[in-house]
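Chain and residue survey
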Amino acid sequence: MVVLSQPVALDNHISVIPTYTPVPVFTSQPIPVVDLTDPEAKTLIVKACEEFGFFKVVNHGVRDDLMTRLEQEAIRFFALPQSLKNQAGPPEPYGYGSKRIGPNGDVGWIEYILLNANPQLSTPNTSDVFGQTPQIFREAVDEYMHELKEVSCKVLEMVTEGLGIEPRDTLSKMVRDEKSDSCLRLNHYPTAEEEAENMVKVGFGEHTDPQIISVLRSNDTAGLQICMKDGSWVAVPPDHSSFFINVGDALQVMTNGRFKSVKHRVLADTRRSRVSMIYFGGPPLSEKIAPLSCLVPKQDDWLYKEFTWSQYKSSAYKSKLGDYRLGLFEKQPLLTHMSNE
């Protein structure tokens, strides 16, 4: 395990960080685990997407040393003096950020780097991130994003097989496209101070991921929680050697609500810092997102209006973190969403 040699102090310009009461790990509702080498993996993935919108994958084919190397290099960046890190920010949306999450007032006990997966769309902030780090960091980022794209596409192709969709690359081709709007986020949640009345600081508030699929890996520090269908929160046991897959908003739309984009959050730990690395597999900006005709032949049965990824991304960027973003694109209210309010 890689840890920071000393605590990192975040910018102190924001003093109020939201807090939550911790929840236990419920063994009665274990997180689904899928072995990607299992002949039944496609069936298990579809079931997990329907029931949880979230699952853990093992035997994914990504080398442990690559994951560890990127984590080490990210930690070295986060350990830099604040003045140097600030040169790579503020994020617009790419680059370095601290405490502020997006432009609409959301904050958390976090600092992060957001990088576009398309090297042709490099920004000054991205260049500044790499300018503060050795070449090995950029090499690790590039190799990691390549490997995680392959994991994302493998999972999406298993989804199409499990749903009986043809051709097999119906979903994965959007992520493989050279204009794919995918990105990599490196999060650092510093050790948080003890709060009164057994409360803990929010690292990253509750939200869903807007893209097609998210692939998360973290160190062995706890903090990630997902929201179940009944509204309860379940803590996800960390596992630095595995990946956790989130169904994104776009995939919920393309399956016409059959798969659910899982709401999740991260709480800061009072004993250890947490480092996570998330690859967000997104479509090209011009890609039209709508229920797949092979799953929902009649447009009258669509629960969502058609939109481009650019339209949805723009709408999501203008929203608060916890907003139900898909509500603006529904043709009719989802009963499952209404029942949670």
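Residues numbered from 1 in each chain as written. Predicted model: local features only at pLDDT ≥ 70, side-chain atom pairs only at ≥ 80, totals over all residues. Heavy atoms only, no water.

Per an unreviewed UniProt entry, the protein goes by gibberellin 2beta-dioxygenase and derives from Brassica napus. The UniProt entry for the protein carries the following comment under Function (unreviewed entry): "Catalyzes the 2-beta-hydroxylation of several biologically active gibberellins, leading to the homeostatic regulation of their endogenous level. Catabolism of gibberellins (GAs) plays a central role in plant development. Converts GA9/GA20 to GA51/GA29 and GA4/GA1 to GA34/GA8." (UniProt positions renumbered as here; feature names shortened; annotations may be inferred.)

Brief notes about the sheet that holds strand S11 (residues 243-247)
The strand order across the open sheet built from eight strands is S2-S3-S11-S8-S13-S6-S5-S4, with neighbouring strands paired in mixed fashion. Each having just a single partner strand, strand S2 (33-35) and strand S4 (95-100) make up the two edges of the open sheet. Here the strands of the sheet are splayed against their neighbours by 25° on average, with no regard to which way each runs. Looking at chain direction, strand S6 (residues 183-189) and strand S13 (residues 274-281) are connected through seven bridges and run antiparallel. Among the inter-strand pairings, Cys183 is bridged to a residue of S13, identified as Phe280. (Pairing = 2+ DSSP bridges. Helix = DSSP H or I, 4+ residues; strand = E, 2+ residues; numbered from the N terminus. Axes fitted to C-alpha atoms, helices over the stretch in contact; angles between N-to-C directions.)

Some points on the pairing of strand S3 (residues 54-58)
Of all five residues in S3, four are buried; the element is thus mostly enclosed. As judged from the three bridges shared by S2 and S3, these two strands associate in the parallel manner. Along S3, the bridge assignment pairs Val34 with Val57. A crossover links S2 with its parallel partner S3, the connecting element being helix H1 (residues 41-51), and its sense is right-handed. Direction of pairing for S3 relative to S11: antiparallel, over a ladder of four bridges. Among the inter-strand pairings, Lys56 is bridged to a residue of S11, identified as Phe244. (Buried < 20%, exposed > 50% of the residue type's maximum accessible area, 1.4 Å probe, protein only. Right-handed = clockwise from strand over helix to strand, strands pointing away.)

Notes on H1
Regarding H1, the residues found buried are Ala41, Ile45, Val46, Ala48 and Cys49. Projected down its long axis, H1 shows its buried positions confined to an angular sector of 165°, all on one face. Those residues of H1 hidden inside the fold are in contact with S2, S3, helix H5 (135-163) and S11. Among the residues trailing H1, Gly53 stands out with phi positive, at a value near 75°. (Arc of directions from axis to C-beta. Contact = heavy atoms within 4.5 Å.)

Structural notes on the packing of aromatic side chains
On inspection of all chains with the given rule, the structure shows eight aromatic pairs. Centroid distance Phe77 to Phe78: 5.8 Å. Interplanar angle 80°. Geometry classified as edge-to-face. Phe78 matches Phe77 in its accessibility class, with the two residues each being buried. Put simply, the rings of Phe307, Trp309, Tyr312 and Phe329 touch in pairs and so form one group of aromatic residues. (Phe/Tyr/Trp six-rings, centres within 6.5 Å; stacked < 30°, edge-to-face > 60°.)

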